[in-house]
Each structure stands twice: as C-alpha cells, then as structure tokens.
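One letter stands for each residue in the lines below.
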Amino acid sequence: ELRELNRMRREPNQTRDGTEIDLFANAESREDVAEAHALGATGIGLYRTEFLFLQRMELPDENEQFHAYRDVILGMSGRPVTIRMLDLGADKADRTGLALRDEPNPALGLRGVRLSLARPALLETQLRALLRASGYGPLRILLPMISGREEVRTMRAHMMRIARDLRSEGHEIADYVALGAMIEIPAAALALPTFIGGVDFLSIGTNDLIQYLLAADRNNDALGELYTPLHPAVIRMLRDLIRMAKSRNRPIAVCGEIAGDARLAPMLLALGLEQFSLHPTTLLEVRRTIRNCDLDRLRANAPALLRARERVEIERWIDAQRGH
Ligand code: PEP
Ligand code: MG
C-alpha cells in the first residue's frame, strides 16, 4: 500500500482517459512548500498568510512579508504560486490585536478582505510585499471572503495603484499578476456573473462555503452530519460555479478540505472540476484515485448525482462510481 502510494510520486496527474487534472497544494509553511514541490504539485493553490501573523504580538513588516512570499515563489521554481491575502478572524485566532476582539458573531464579522479594507496600513503593507515578490516568479493573489463586486473592484484598484507606486520607486515587479477571489460566501456564488469579469481566477473555499450555505459551524462537533458537502444545495452550487467559470474561461479550483478527500474526487470530477488544491499529505492518494477515474463515464453519470435528493442517495452515487 505504502509502496504503491510512493510510486504515485512519479506519475502524472491525469485521469485514466488521459485528461490532465491540476493538483495544486495548500501550504502554510516552508516545509509544506518543499513537500509540494517534491510531490510534483502543479503549483501552490492556497498559501495561507495568517501563519505569518499568528502567535506573535507585532505585525510582520513589509520586508519580512516580502522575504516570506519570495521564498514561497522561489521554492516552487517557476510553477504558479497562489498567495491568499490575510484571512484573520473567526476561527483564525489572532494576538496582534488586528482583528476585533469579542465580536458577537465572529464568523459573520470583520474577517478576511473586510479586515484588510478596514485597516489600510495592513492592506498596503501586504500588497506591497506581494507585488515586490512578483518579480521572482508567477504570482496569483487570492482574496478571501469576497462577497461581491465592490470588494473586487476596490482591491483591483489598490493593486494597480500600488504596482504603479512600486515601479516609480524602482522595484522590478511582474507585468502581470493574476487577481482571484475565493468563493466561500453564498452571495458571491450566486452573484458571480456580476463580478467574474473583474477576476482572473477563482477558488472555491468549501470549508466556509458549506458553513455559510448550511448555517452549520465548521468547528462545532455537536452538529455532526449537518456540516457536510453531501447536501444537494452544495452539489448544485459547485456545479453552477464550475459551469459559470468555464463559460467565462476563468480557471476554478476547490481549495477546501474536500479537495483532499480521495473518496470525493470522483464526485468533483463529475461536476466538471479540473483543479484541486489540497494539503500535500493527501496529494498522492488523490492522484491515485484520479488516475483510476474514467472522466467520460463520470460526467455521463453526473445527472444522476444532481438528481440525488438526500445524503444517502448522494453516498450511494459515490459508492457506485468506484472503479469508474
Ligand atoms: C475554505 O474556507 O474552504 C478555505 C480554504 O479557507 P480556510 O479554511 O482557511 O477558511
Ligand atoms: Mg475560508
């Protein structure tokens, strides 16, 4: 078993019928990046920058952030690197005093891009560091907790302005830096047509999307199976997001935990997903599953998945795909 999994290190990411699937890595440390590189990840699909800010009292300054981001980019030697802007708040605790303390409803509070927009110095420092790092390899900047068009437009304007500033200061920054949105708030999923033209790529954060869609706290064990990707609303939303992104030629990935669950890979492929972003420890197993999948057959079975009316029917569909 272990030997077979190890053999997967050298195998390409493709389905049995030869369709290339991107397996990006989620990372939050130097070790994760090295591991992603060694396992042949397509790139980094989600670098969580919170970890630079946690467990300390002072904010990392522009140079510290620049060095951290540059190291991630250099560590992937030319493969695309997606760095997410700060997503403090809610389940990501913070001691720097940046996020508000004692919000009555932190999951619905000042977190993600909302916090960055409310703290101009924070936003400025991080965007400057990111854009300076863009001179070292292909960088994609990912915005967390986007709820609609205004936030995307405002962030794009900041990015353009700061790029101009940096160039006039003599910094060498990339001609093109992709800007993408996390889809993790149901409103952003439903309103995607209103802002898809303003983003270069999309990443579905199913950890939060499921939480907000099903009104089920992602960290509350008492909810048991109420927090689940196996709900018809989740499946329909994923199908619609992937369809919409494809129709507008925007790459779309899933970067929530479900992307690293090999059991769910056939379901995500059936829904049209071609980019997974997952923790390196799950990469080989998902690669092995994908290599055993027959894409035409899975997609032919997608209508039955969309017809499933409740959890057991969805589970039955998943079990029936084994070896397909
Ligand atoms: C998500 O919400 O699915 C996600 C990838 O981000 P995080 O788990 O960091 O909130
Ligand atoms: Mg999230």
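Residues numbered from 1 in each chain as written. Chains lettered and ligands numbered in written order. Predicted model: local features only at pLDDT ≥ 70, side-chain atom pairs only at ≥ 80, totals over all residues.

An unreviewed UniProt entry lists the protein chain under the name Phosphoenolpyruvate-protein phosphotransferase, with Lysobacter zhanggongensis given as the organism. The record in UniProt for the protein chain states the following under Subcellular location (unreviewed entry): "Cytoplasm". UniProt annotates the protein chain under Catalytic activity (unreviewed entry) with the comment "L-histidyl-[protein] + phosphoenolpyruvate = N(pros)-phospho-L-histidyl-[protein] + pyruvate". (UniProt positions renumbered as here; feature names shortened; annotations may be inferred.)

1. A few points about the packing of helix H6 (residues 120-133) against helix H7 (residues 149-168)
The contact between H6 and H7 brings their axes to 10 Å, and the two run at 60°. Where H6 crosses over H7, the two elements pack in a sense that is right-handed. Each of Leu123, Glu124, Leu127, Arg128, Leu131 and Arg132 in H6 lies in contact with H7, whose residues at this interface are His158, Met159, Ile162, Ala163 and Leu166. (Axes fitted to C-alpha atoms, helices over the stretch in contact; angles between N-to-C directions. Helix = DSSP H or I, 4+ residues; strand = E, 2+ residues; numbered from the N terminus. Left-handed = near helix turned anticlockwise from the far one by under 90°. Contact = placed C-beta atoms within 7 Å.)

2. What about unusual backbone geometry?
Positive phi values are uncommon outside glycine, yet Met145 reaches one of about 60°. Here Met145 shows up in the loop between strand S4 (139-143) and H7. Even without a glycine there, the phi angle at Ala215 is positive, about 50°. Summarising the element assignment, Ala215 is placed in the loop between helix H10 (206-213) and helix H11 (232-247). Given 9 C-beta atoms within a 10 Å radius, Ala215 is considered exposed. (Buried ≥ 20, exposed ≤ 12 C-beta atoms within 10 Å, placed from the backbone.)

3. Details of the site of ligand 1
In the vicinity of ligand 1, the residues found are Leu46, Arg48, Asp87, Glu184, Gly205, Thr206, Asn207, Asp208, Cys255 and Gly256. Taken together, the elements giving at least two residues each to the shell around ligand 1 come down to strand S2 (44-48) and H10. The element contributing the most residues to the shell around ligand 1 is H10, with 3 residues. Here the shell around ligand 1 is built from residues that sort into 2 nonpolar, 4 polar and 4 charged. (Near = placed C-beta within 6 Å. Nonpolar A, V, L, I, M, F, W, Y, C, P; charged D, E, K, R; others polar.)

4. Notes on the packing of helix H4 (residues 62-75) against H6
Two elements in contact, H4 and H6, have axes whose closest approach is 8 Å; the angle formed by their N-to-C orientations is 40°. Put simply, H4 runs oblique to H6. In this structure, the crossing between H4 and H6 has a hand that is right-handed. For the pair formed by H4 and H6, the contact residues are Glu62, Gln65, Phe66, Tyr69, Arg70 and Ile73 on the first element and Thr125, Gln126, Arg128, Ala129, Leu130, Arg132 and Ala133 on the second. For the contact of H4 with H6, the residue count by class is 6 nonpolar, 3 polar and 4 charged. (Parallel < 35°, antiparallel > 145°, perpendicular 65-115°, else oblique.)

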